[in-house]
Amino acid sequence: QLGEMCSNDWLKGKHVIFGACLTLSAAESKIMEFKKRSGAESVVGYNKIVDFVKGSILDIALINEILNPKPKKLSLEERMNKRLGGMVEEQGMVFY
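Presented here is a report on the structure given in the accompanying data block. Model, not experiment: these values are computed from the prediction.

Moving on, we get to the pairing of strand S2 (residues 42-46). A large share of S2 lies buried, amounting to 5 of its 5 residues. Side chains Ser 42, Val 44 and Tyr 46 project from S2 onto one buried face, and the interleaved Val 43 and Gly 45 project onto a second face that is buried too. Taken together, the 3 bridges between strand S1 (residues 15-17) and S2 define a ladder with parallel strand orientation. The partner of Val 16 across the bridge, within S2, is Val 43. Handedness of the β-α-β unit built from S1, helix H2 (residues 28-38) and S2 comes out right-handed. In the sheet, S2 pairs with strand S3 (residues 93-95) via 3 bridges, with the strands oriented antiparallel. Counterpart to Gly 45 in the pairing with S3 is Val 94.

Shown next as structure tokens:
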């Protein structure tokens with residue numbers, strides 16, 4: 001349903017961040033359909049129940065990576081894994 005509401009290009013080329021626990025535990029096909037319909041550059045969120053403090057750290061780091069993409073040759077997911085290593089996987093942060 002959200003994909004249908006977002007199909008008017010207002011998310012085109014943007015990063016969509018879902019900061020709530022389990023938001024991206026849906027079927028990958030549904031998430032990819034949302035990404036395609038919305039035109040978002042990326043969809044990022046959690047597929048697990050997240051520790052509040054660690055999730056907050058990840059969210060802030062994610063926003064920082066979006067605003068300051070260095071090195072640009074790496075994807076957003078690669079940059080997050082490089083900077084925060086195991087915390088990304090541990091907390092269930094996923095990238096589409």
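Let's shift gears to helix H4 (residues 76-84). When H4 is considered as a whole, its buried residues turn out to be Leu 76, Arg 79 and Met 80. Angular distribution of buried residues about the axis of H4 spans 100 degrees; they occupy a single face of the element. Here the buried face of H4 lies against S1, S2, helix H3 (52-67), helix H5 (86-90) and S3. Following H4 by one or two positions, Gly 85 adopts a phi angle in the positive range, close to 50 degrees.

On to the pattern of salt bridges. A side chain of one charge can pair with a side chain of the opposite charge if their charged atoms are brought near each other. Under the counting rule described, the total for this entry stands at 4 salt bridges. The closest approach of N and O atoms between Arg 79 and Glu 65, which form a salt bridge, is 2.9 Å. Remark: Glu 65 occurs in helix H3 and Arg 79 occurs in helix H4; sequence separation between them is 14 residues. Assessed through its relative accessible area of 2%, Glu 65 is described here as buried. Between Arg 83 and Glu 65 there is a salt bridge, with the nearest N and O atoms lying 2.2 Å from each other. With Arg 83 in helix H4 and Glu 65 in helix H3, this residue pair connects regions lying 18 residues apart in the sequence. Among the charged side chains, a network of salt bridges with common partners joins Glu 65, Arg 79 and Arg 83.

Rules and cut-offs
- Residues numbered from 1 in each chain as written.
- Predicted model: local features only at pLDDT ≥ 70, side-chain atom pairs only at ≥ 80, totals over all residues.
- Heavy atoms only, no water.
- Buried < 20%, exposed > 50% of the residue type's maximum accessible area, 1.4 Å probe, protein only.
- Helix = DSSP H or I, 4+ residues; strand = E, 2+ residues; numbered from the N terminus.
- Pairing = 2+ DSSP bridges.
- Right-handed = clockwise from strand over helix to strand, strands pointing away.
- Arc of directions from axis to C-beta.
- Contact = heavy atoms within 4.5 Å.
- Salt bridge = Lys/Arg side-chain N within 4 Å of Asp/Glu carboxyl O.

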